[in-house]
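# Structural overview for review
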Amino acid sequence: MFWIRLRSSVILMLITITTIVLGGNVLFGTVLAISLIGMMELYRTIKINKSLLGIIGYLACIALDFLILYQYEQYNMVLFIAFLLILLLIYVFTFPKYSSEQVSIVFLGLFYVGVMLSYLYKVRVIEDGAYLVWLIFIGAWGSDTSAYCTGMLIGKHKILPKLSPKKSLEGCIGGVIGAALLGILYGTIIKNQITGITNPQFAFAIICGASSIISQIGDLAASAIKRNHDIKDYGKLIPGHGGILDRFDSIIFVAPIVYSLAKIL
């Protein structure tokens, strides 16, 4: 299992680096594909991934991403309202085929996966985006690694034993500190390439520290959904890791935070 996970991690990292570096339509297409797969995995937990409701969810995600690509985001709210109305029409005119929970999850899926992941592309295309986009992975995966190592070394106080038995308070704090330190290190290395932020070390420490907190909440939220539906993983697409949502659960939450804080700082 270790070697399977390692091989998958290496391949995933190579794909991530390639698409982020290339940016543009390559990154856009990758984010859209990941979003659709992630939504399918979420919808599959309540068995609507192949239903009419699920298809409407996928189409809404595609529409959203193309609004972002062509800079028509002022119409996002129109899309959201239309999406909700269509879901309600299907719910009413096919009653009792679908439950209110299924309709709610389809609507949630567009935001939880589609909207949140779109910020990965949005960070890449802003000023200094080629450098800022890596803060998403530092704040998510760097935090996970720091939290894991700290928890293994000194973790004693469990915070949510029923939801995540292995997570400790010490590990959570270590994740935040580790991500902030990695942000400072990254800011020190690339400070001469950054033009839109006056103090990259300080800004990156804040961004990565805050991202770590949000990342850990996102990870716990994904775990809660899985436990509610009694599943171990969302899918089997990535050998040794599970599905897209299993590997990108923290990225989903971190990307909007990095975008927002980068704009503020």
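Definitions and cut-offs
- Per-chain numbering applies: the sequence of each chain, read as written, is numbered from 1 onward.
- In view of the model being predicted, local features appear only for residues whose pLDDT reaches at least 70, and side-chain atom pairs are presented and counted only at 80 or more, with totals across whole chains, interfaces and linings using the full set of residues.
- The basis for every side-chain value is the complete set of non-hydrogen atoms in the structure, without hydrogens or water.
- Only a pair of cysteine sulfur atoms within 2.5 Å counts as a disulfide in this structure description.
- Partly exposed residues are those whose accessible area sits between 20% and 50% of the maximum for their type, while under 20% is buried and over 50% is exposed, using a 1.4 Å probe and protein chains only.
- Each helix corresponds to a stretch of at least 4 residues labelled H or I by DSSP, and each strand to a stretch of at least 2 residues labelled E; elements are numbered beginning at the N terminus.
- One less than the residue count of a helix, multiplied by 1.5 Å, gives the span that helix is expected to have.
- Throughout, bend refers to the angle between the axes fitted to the seven residues that end at a position and the seven residues that start at it.
- What qualifies as a polar contact is a pair of N or O atoms within 3.5 Å, subject to a donor-acceptor requirement within protein and to the restriction that residues adjacent in sequence count only when both atoms come from side chains.
- Should any heavy atoms of two residues lie within 4.5 Å, those residues are counted as being in contact.
- Pairing of aromatic rings covers Phe, Tyr and Trp, the last through its six-membered ring, and needs centres within 6.5 Å; plane angles under 30 degrees mean stacked, over 60 mean edge-to-face, and all others mean tilted.
- Placement of a charge over a ring requires the Lys NZ or Arg CZ to be within 6 Å of the ring centre, with the centre-to-atom vector within 35 degrees of the ring normal.
- Put simply, a nonpolar core is a bunch of buried Ala, Val, Leu, Ile, Met, Phe, Trp, Tyr and Cys residues held in one set by side-chain atoms that sit within 4.5 Å of each other.
- Should a side-chain nitrogen of Lys or Arg be within 4 Å of a carboxyl oxygen of Asp or Glu, the pair is scored as a salt bridge.

Scanning all chains against the criterion turns up zero disulfides. No disulfide involves cysteine 149; its nearest neighbouring cysteine sulfur is the one of cysteine 172, lying 14 Å away. Cysteine cysteine 208 remains unbridged, with the sulfur of cysteine 149 as its closest cysteine sulfur at 17 Å. Under the relative-accessibility criterion, cysteine 208 is labelled buried at 0%.

Another point: helix 5 (residues 100-125). Its 26 residues give helix 5 an end-to-end C-alpha distance of 38 Å, which sits within 8% of 38 Å, the value for a rise of 1.5 Å per residue. Of all the bends in helix 5, the greatest, near 30 degrees, is centred on leucine 108.

This part is about the side chain of threonine 19. Summarising the element assignment, threonine 19 is placed in helix 1 (residues 2-22). Polar side-chain contacts of threonine 19 include one of 2.9 Å to the backbone oxygen of isoleucine 15. A distance of 3.0 Å separates a polar side-chain atom of threonine 19 from the backbone oxygen of threonine 16. Once residues lying within four places of it in the same chain are set aside, the contact partners of threonine 19 are Val26, Leu27 and Thr30.

Another aspect to go through is the packing of aromatic side chains. Note on aromatic pairs: each is described by the distance of the centres and the angle between the planes. Throughout the structure, instances matching the rule amount to 15 aromatic pairs. Taking the centre distance of 6.2 Å and the plane angle of 45 degrees together, the rings of tyrosine 72 and tyrosine 75 count as tilted. We classify tyrosine 72 as partly exposed; its relative accessible area is 44%. Taking relative accessible area as the criterion, tyrosine 75 reaches 45% and is therefore assigned partly exposed. Here the aromatic rings of tryptophan 134 and phenylalanine 137 are separated by 6.0 Å at their centres, their planes lie at 45 degrees, and the arrangement is tilted. Of this pair, tryptophan 134 and phenylalanine 137 both sit in helix 7 (residues 134-154), three residues apart, which is roughly one turn of that helix. What makes tryptophan 134 partly exposed here is its relative accessible area of 23%. Here the aromatic cluster, defined as three or more aromatic residues joined through ring pairs, consists of Phe28, Phe66, Tyr70 and Tyr121. Between lysine 122 and the ring centre of tyrosine 259, over which it is positioned, the NZ or CZ distance is 5.0 Å.

Looking now at the nonpolar core. Proteins that are soluble and globular tend to have nonpolar side chains buried together. Within the largest apolar cluster, 72 residues are counted, with the highest numbers of intra-cluster contacts made by Leu132, Leu135, Ile136, Phe204 and Ile251. In contact with leucine 135, other than residues within four places in its own chain, are Tyr186, Phe204, Ile207, Cys208 and Val258.

Our focus in this paragraph is helix 3 (residues 52-69). The end-to-end C-alpha distance of helix 3 is 26 Å, a good match for the 26 Å that 18 residues give at a rise of 1.5 Å each. Burial in helix 3 covers these residues: Leu53, Gly54, Ile56, Gly57, Tyr58, Ala60, Cys61, Leu64, Asp65, Leu67, Ile68 and Leu69. In the core, the buried residues of helix 3 are packed alongside helix 2 (24-44), helix 4 (76-93) and helix 5. Residue glutamine 71 follows helix 3 closely and has a positive phi angle near 60 degrees.

A full pass over the atoms with the stated rule returns two salt bridges. A salt bridge links aspartate 219 to lysine 167, with the nearest nitrogen and oxygen atoms 3.0 Å apart. One end of the pair, aspartate 219, is in helix 9 (residues 200-228); the other, lysine 167, is in the loop between helix 7 and helix 8 (169-190), with 52 residues separating them in the sequence. Aspartate 219 sits in the buried class, given a relative accessible area of 19%.

Here we take up the environment of glutamine 216. You can see glutamine 216 is positioned in helix 9. Along the backbone, glutamine 216 and phenylalanine 253 are 37 residues apart, and their C-alpha atoms lie at a distance of 9.1 Å. Excluding residues that lie within four positions of it along the chain, glutamine 216 makes contacts with Ser143, Cys172, Gly175 and Val176.

So, on to unusual backbone geometry. For the bond from phenylalanine 95 to proline 96, the omega torsion is 10 degrees, close enough to zero to count as cis. Structurally, proline 96 is set in the loop between helix 4 and helix 5. Phi at glutamine 71 is positive, roughly 60 degrees, even though this residue is not glycine. On the secondary structure map, glutamine 71 appears in the loop between helix 3 and helix 4. For glutamine 71, a relative accessible area of 66% corresponds to the exposed category.

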